[in-house]
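Overview (structure and organization)
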Amino acid sequence: MAGIDTGGGHGGKRATNHEIPLIPFIDFLLCLVAFLLVTAVWSQMARINADARVPGPPKDEPPEEQKKEKQLNVEMKGETKFQLVWKEGNTVVNTIDVDRKPVPTGSNGDIRFPDLAKKIEEEWTANGAHRAGSDKKFDLAILHTDNTTPFSDVIAVIDAIYTPKRDFDFAGKSEKVPSFNVTFAVN
Amino acid sequence: MSEKALSRFHQPIAVPGRRLMHHVPLAFVRKKAIGGGGRATNHEVPLIPFIDFLLCIVCFLLASFSASGELPVDKNVKLPNAENVMDMTEAPMVAITGTQILVDGTPAGNTRAIEEANRLQRVDELFNVLKNKRELYKQINPGKEFPGVVVLQVDRKVQALVVKSVFQTAAFAGYPNVSFMVGRMGK
């Protein structure tokens, strides 16, 4: 086993060869591993982002003249369908209906909307304005919900909106990020 | 006295060894009888790589060890799950549990007024708590840009009206980057 051999220790002097006690050391390490494994926190928590685009405090300089961009309005007010509406300012460009087919996932009542996710991905591929990795802006999706809609359904729809991904250059690296920024309609 | 007899006299004790079947004039029998040439039955357990392995585990577990314990998820809040999520970030945590609103575990209003009014409205107590937190951040970190991130921990059954009201209140208090805490769902 592990030891230090200096080749001395003859002639009645104290031995200079030493054995390192490895077995207690291994026991100690195993105890440490066991303790750390027991106290480890394996967190499954994550976050889903939303953007609050509300007017801030008034500034001295006049606001920049902004070019009207297409925005995807996701209406989840009906019981049977979603409505995807592309708008440029107040002008409706296109309207698409998607059947509301919730797919249960997991045992705790979570649902997904795969049909909606697929349609939104197709729509972004066809109409999305911000695609380049160097483009710091994102396409905007505005979510319209009923007041009584449960939060779990809202998250399922936001999750579907975040399905299409695009490249985004950040600190010299290219990452895949959701193509849309999501915000809530006020009314 | 012969020379042989003398030498025998000087070494009265001979090294013990196997005696059986030594006289058999067959090489393979002698080899078997002597016991040489077989695989050694003593083995050294390779302890050094084992210790290296244990040390690696200890280092990894120590690096991921959290002395403060789990993320502060309120026991009464059942979070929804989502697929397209981001890693958690450190930010003020606003929990909506039942009718109570908590900011980092401290009560900051309730949702009853919103539900009774049945319309979107600002939660004044929450607004003041968040605003104070923002001002405190600016005092502690002068010259540093305020991130404006807040994490909402919302029960899956909470109505969208309450979520939107809290979302808007956070935005008015200077937190435009609102994230919803969710569970991470496998793809």
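Refer to the structure printed above.
Below, the structure is looked at part by part. Predicted model only: the values in this text are computed from it and were never measured. (Residues numbered from 1 in each chain as written. Chains lettered and ligands numbered in written order. Predicted model: local features only at pLDDT ≥ 70, side-chain atom pairs only at ≥ 80, totals over all residues. Heavy atoms only, no water.)

So, on to the overall build of chain A. Along chain A, the regular secondary structure elements total 3 helices and 12 strands. For chain A, the residues scored as buried account for 36% of the 187 residues in total. Roughly 11400 Å² of accessible area belongs to chain A as shown, and the carbon and sulfur atoms make up 55% of that amount. (Helix = DSSP H or I, 4+ residues; strand = E, 2+ residues; numbered from the N terminus. Buried < 20%, exposed > 50% of the residue type's maximum accessible area, 1.4 Å probe, protein only. Areas by Shrake-Rupley, 256 points an atom, 1.4 Å probe, with all protein chains shown as cover.)

What follows is about the interface of chain A and chain B. Taken together, the contacts link 51 residues of chain A with 52 residues of chain B. Across the chain A to chain B interface the summed buried area is about 4600 Å²; carbon plus sulfur atoms make up 66%. Looking at the side of chain A facing chain B, the largest losses of area belong to Met45(A), Arg47(A) and Phe151(A), adding up to 18% of the total buried there. The partner of Asp110(A) in a salt bridge is Arg156(B), and the shortest N-O contact between them spans 3.3 Å. The interface formed by chain A and chain B contains 20 residue pairs in polar contact (both at pLDDT 80 or more). Contributing elements (two or more residues each) for the side of chain A that touches chain B: helix H1 (22-39), strand S3 (45-51), strand S8 (110-112), helix H3 (151-161) and strand S12 (180-184) of chain A. As defined by bridge partners, S3(A) adjoins strand S6 (residues 177-184) of chain B across 7 bridges and the pair is classed as antiparallel. Note on S6(B): the bridge partner recorded for Asp51(A) is Asn177(B). (Contact = heavy atoms within 4.5 Å. Buried area = accessible area lost by both parts, 1.4 Å probe. Salt bridge = Lys/Arg side-chain N within 4 Å of Asp/Glu carboxyl O. Polar contact = N/O pair within 3.5 Å; in protein donor to acceptor, adjacent residues only side chain to side chain. Pairing = 2+ DSSP bridges.)

Attention now moves to the packing of helix H5 (residues 124-140) of chain B against helix H6 (residues 160-172) of chain B. Residues and elements named next belong to chain B. Taken N-terminus to C-terminus, the directions of H5 and H6 make an angle of 35°; their axes are 9 Å apart at the nearest point. The handedness of the crossing between H5 and H6 is right-handed. Of H6, the residues touching H5 (which contributes Leu126, Phe127 and Leu130) are Val166, Thr169, Ala170 and Phe172. Across the contact of H5 with H6, the residue classes tally to 6 nonpolar, 1 polar and no charged. (Axes fitted to C-alpha atoms, helices over the stretch in contact; angles between N-to-C directions. Left-handed = near helix turned anticlockwise from the far one by under 90°. Nonpolar A, V, L, I, M, F, W, Y, C, P; charged D, E, K, R; others polar.)

Residues and elements named next belong to chain A. With respect to topology, 5 strands assemble into an open sheet ordered S6-S5-S4-S9-S12, the strand pairing being mixed. What marks the edges here is a single partner per strand, and that holds for strand S6 (91-99) and S12. If you compare each strand with its neighbour and ignore which way they point, the axes differ by 25° on average. Note that strand S5 (residues 81-88) and S6 share 8 bridges and pair antiparallel. Each residue of the ladder has a partner; that of Lys81, found in S6, is Asp99.

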